[in-house]
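Examination of the molecular architecture
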Amino acid sequence: MSKIFVYAEVADGSVADCSLELVGRARELAGQHGFSVGALLVGYGVRGLTDELIQRGADEVHVVDDVALSSYNILLHARAVAEVVKAEAPDILLFPASTTGRELAPRVAVRLGTGITADCTAVEIGDYVDPATGRKYEKLLYQIRPTFGGTVMAMIVTPRHRPQIATVRPGVYPIPPRDGKRSGRVREWSVDLSGKDAECVEVLEVKKEKRKVDLKSARIIVSGGRGAGPEGFKLIRQLAEALGGEVGASRAAVDAGWISYDHQVGLTGQTVKPDVYIAVGISGAIQHIVGMKDSKIIIAINKDPEAPIFRVADYGIVGDLFVVLPKLTERLRRR
Ligand SMILES: Cc1cc2nc3c(=O)[nH]c(=O)nc-3n(C[C@H](O)[C@H](O)[C@H](O)COP(=O)(O)OP(=O)(O)OC[C@H]3O[C@@H](n4cnc5c(N)ncnc54)[C@H](O)[C@@H]3O)c2cc1C
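Counting from 1, residues in each chain are numbered in the order their sequence is written. Local features in this predicted model are restricted to residues of pLDDT 70 or higher, and side-chain atom pairs are both shown and tallied only at a pLDDT of 80 or more, whereas totals for entire chains, interfaces and linings draw on every residue.

What follows is about the pairing of strand 10 (residues 152-156). Looking down a regular strand, the side chains alternate between one sheet face and the other. The pairing of strand 9 (residues 136-147) with strand 10 spans five bridges and is antiparallel. Across the sheet, I144 pairs through a bridge with M155, a residue of strand 10. Connecting strand 9 to the next strand, strand 10, in antiparallel fashion are four residues, including F148 with a positive phi near 45°. For two strands to be treated as a pair, DSSP must find no fewer than two bridges joining them. A run of H or I in DSSP counts as a helix once it spans at least four residues, and a run of E counts as a strand once it spans at least two, with each numbered from the N terminus.

Written out as structure tokens, the structure is:
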């Protein structure tokens, strides 16, 4: 049976959400197209995480549990992943487009002599006919991502090399629920992790910076753009606080230095799907829209009635944010 493998990133002793999302997506695709799902669990002291991966949708978990992998050494992790993939020959290999996945996936691709599509916003499976030769390929991975600065959605296929490797943006697929009745197979691998790769990096200390912003799990996001300016962001923060939400931003606002990058929504920021997304003083460039279009309700506040943001908004307020926001916040506070 053809196989889809997912790299199971481990963060703070748990499987990272971004990998669980991919296990869920792989399960969906596997069900529709007759694949099996394998998870790759690489690290030290990670054996206890196999049940979670199976319950979320993996049929098999391939484990490389080795003391040499206790601190993150990219060379050893890439070797461990590549060795298992070489032996198992999956058709498709998915990594989250997290910091780790973005670093690891291309190194694994080079070791396997295949390509990679980075930062996909969707993955599907379907057939493909090569226009040059007329040859038909069945059940290829459609690797879908914005290109040319977000003006075009590209569908990329890898007909002749295996595995087909893609990194997929965190937050585009939901985390599947646990199914305690699922069962699966666990396979332990022993990979030779000795040699120069093991010696050339020594981790002396790990300093973790606490995440200050959590846009991914926010139910309400109030985002500000260039139209807000530094003064407008004070009003945006007040509105977000009144609603119990987080503050997001367009790239223009981040580039202007009014707010830090971890608040940025869009092509080169985060993909978010809150219940309510309020875009304030944001024009609605495609690079912003791709990061928030799947929000349940979109509300736009902009003084230009022709602003493109109104095309994706469920509700629009045409007006000056410096007039609208104080009234809105005041009303919400009273309620
Ligand atoms: C490769 C690439 C990647 C990119 N990635 C991202 C990304 O991840 N995220 C992102 O956001 N952008 C991204 N961009 C930039 C994007 O193209 C736009 O330039 C950016 O989104 C514009 O930000 P903005 O809407 O805040 O600013 P503007 O387009 O300048 O819009 C400002 C809006 O504010 C309104 N306004 C002004 N004053 C007021 C007022 N007083 N009250 C109400 N409304 C007012 C105006 O009418 C206008 O519509 C990227 C671009 C490229 C090329």
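Think of each axis as a best-fit line through the C-alpha atoms, taken over the contacting stretch in the case of a helix, with angles from 0 to 180 degrees between the N-to-C directions. The interhelical angle for the contact between helix 3 (residues 74-88) and helix 4 (residues 99-112), taken along N-to-C directions, is 50°, at an axis separation of 9 Å. Overall, the two elements helix 3 and helix 4 adopt an arrangement that is oblique. The handedness of the crossing between helix 3 and helix 4 comes out as right-handed. Of the residues in helix 4, those touching helix 3 at I74, H77, A78, V81, A82, V85 and K86 are E103, L104, R107, V108, R111 and L112. In the scheme used here, Gly and all other residues not listed as nonpolar or charged are polar, with Ala, Val, Leu, Ile, Met, Phe, Trp, Tyr, Cys and Pro taken as nonpolar and Asp, Glu, Lys and Arg as charged. For the contact of helix 3 with helix 4, the class distribution of residues is eight nonpolar, one polar and four charged. Angles are sorted into four bins: roughly parallel if under 35 degrees, roughly antiparallel if over 145, roughly perpendicular if 65 to 115, and oblique for all others. For any helix crossing, the convention is left-handed if the near helix is rotated counterclockwise from the far helix by under a right angle, and right-handed if that rotation is clockwise. Any residue pair is listed as a contact if its two C-beta atoms, each placed from the backbone, are within 7 Å.

Strands sit in the order 7-11-6-1-4-5-12 across an open sheet of seven strands; the sheet is parallel. Looking at which strands have only one partner, the edges of the open sheet turn out to be strand 7 (116-120) and strand 12 (185-188). Each strand of the sheet is rotated relative to its neighbour by a mean of 20°, with strand direction disregarded. Pairing geometry for strand 4 (residues 36-43) and strand 5 (residues 60-65), over six bridges, is parallel. Bridging from a neighbouring strand, V42 pairs with V64 of strand 5. Packing against the sheet, helix 1 (residues 17-33) makes contact with strand 1 (3-8), strand 4, strand 6 (92-96) and strand 11 (164-168), and its axis sits at approximately 170° to strand 1. In this fold helix 4 packs onto strand 1, strand 6, strand 7 and strand 11, with an angle of close to 170° to the strand it touches most, strand 11.

On to the sheet that holds strand 9. The sheet built from three strands is open, its strands ordered 8-9-10 with antiparallel pairing. With partners counted over all chains shown, the strands left at the sheet margins are strand 8 (122-129) and strand 10, one partner each. When strand polarity is set aside, the average angle formed by the axes of neighbouring strands in this sheet is 35°.

For the ligand, the set of nearby residues contains 29 residues, the closest of which are G225, G227, S250, G266 and S283. For the shell around the ligand, the secondary-structure elements that each account for two or more residues are helix 7 (251-255), helix 8 (286-289), strand 16 (297-302) and helix 10 (321-334). In terms of residues, the shell around the ligand owes the most to one element, helix 7, which gives three residues. Any residue whose C-beta atom, as placed from the backbone, lies within 6 Å of a molecule or strand is termed near it.

Bringing unusual backbone geometry into the picture now. The step from R162 to P163 runs through a cis peptide bond, and the omega angle for that step is -5°. Its identity as a non-glycine residue notwithstanding, A89 has a phi of 50°, on the positive side. Mapped onto the fold, A89 is located in the loop between helix 3 and strand 6. Any residue surrounded by 20 or more other C-beta atoms within 10 Å of its C-beta is treated as buried, while 12 or fewer makes it exposed and the intermediate range makes it partly exposed; C-beta atoms here are placed from the backbone. Among the residues examined, A89 registers 12 C-beta atoms within 10 Å and is labelled exposed.

Another point: the domain arrangement of the chain. When the parts of a complex come together, some accessible area is lost, and that lost area is often taken as the interface size. Domain start and end points were adopted from an automatic or database domain assignment. Domains assigned within the chain are domain 1 (3-199) and domain 2 (220-334). Its C-alpha centre places domain 1 at a distance of 34 Å from the equivalent point of domain 2. With eight residues of domain 1 in contact, the opposing surface of domain 2 contributes eight residues.

Take the nonpolar core next. Formed by 50 residues in total, the largest nonpolar core has its most connected members in I4, V6, L40, L53, V81 and L94. Considering every element that reaches this core, the biggest residue donor is helix 1, with seven residues. Ignoring anything within four residues of it in the chain, the contact list for V81 reads Y7, L40, V42, L104 and V108. Any nonpolar core is a set of buried residues, restricted to Ala, Val, Leu, Ile, Met, Phe, Trp, Tyr and Cys, that join up through C-beta atoms within 7 Å. Ranked by size, the runner-up nonpolar core spans 36 residues in total, among them V254, V272, I282 and A313.

On to helix 1, then. Its 17 residues give helix 1 an end-to-end C-alpha distance of 24 Å, which sits within 8% of 24 Å, the value for a rise of 1.5 Å per residue. Within helix 1, the full set of buried residues consists of C18, S19, L20, E21, L22, V23, R25, A26, R27, L29 and A30. Phi for G34, located one or two positions after helix 1, is positive at around 75°. For a helix, the expected span equals 1.5 Å multiplied by the number of residues minus one.

What follows deals with helix 10. In this model helix 10 runs 20 Å from its N-terminal to its C-terminal C-alpha over 14 residues, within 8% of the 20 Å that 1.5 Å per residue would give. Of the positions making up helix 10, those classed as buried are L321, L325, L328 and T329. With its buried residues spanning 95° around the axis, helix 10 presents them on a single face. Seen from the buried face of helix 10, the exposed residues on the opposite side, beyond 90 degrees, are V323, K327, R331 and R334. Against helix 6 (229-243), strand 15 (276-280) and strand 16 lie the buried residues of helix 10. Working definition: the arc comes from the directions between the helix axis and the C-beta atoms, pointing outward to the latter.

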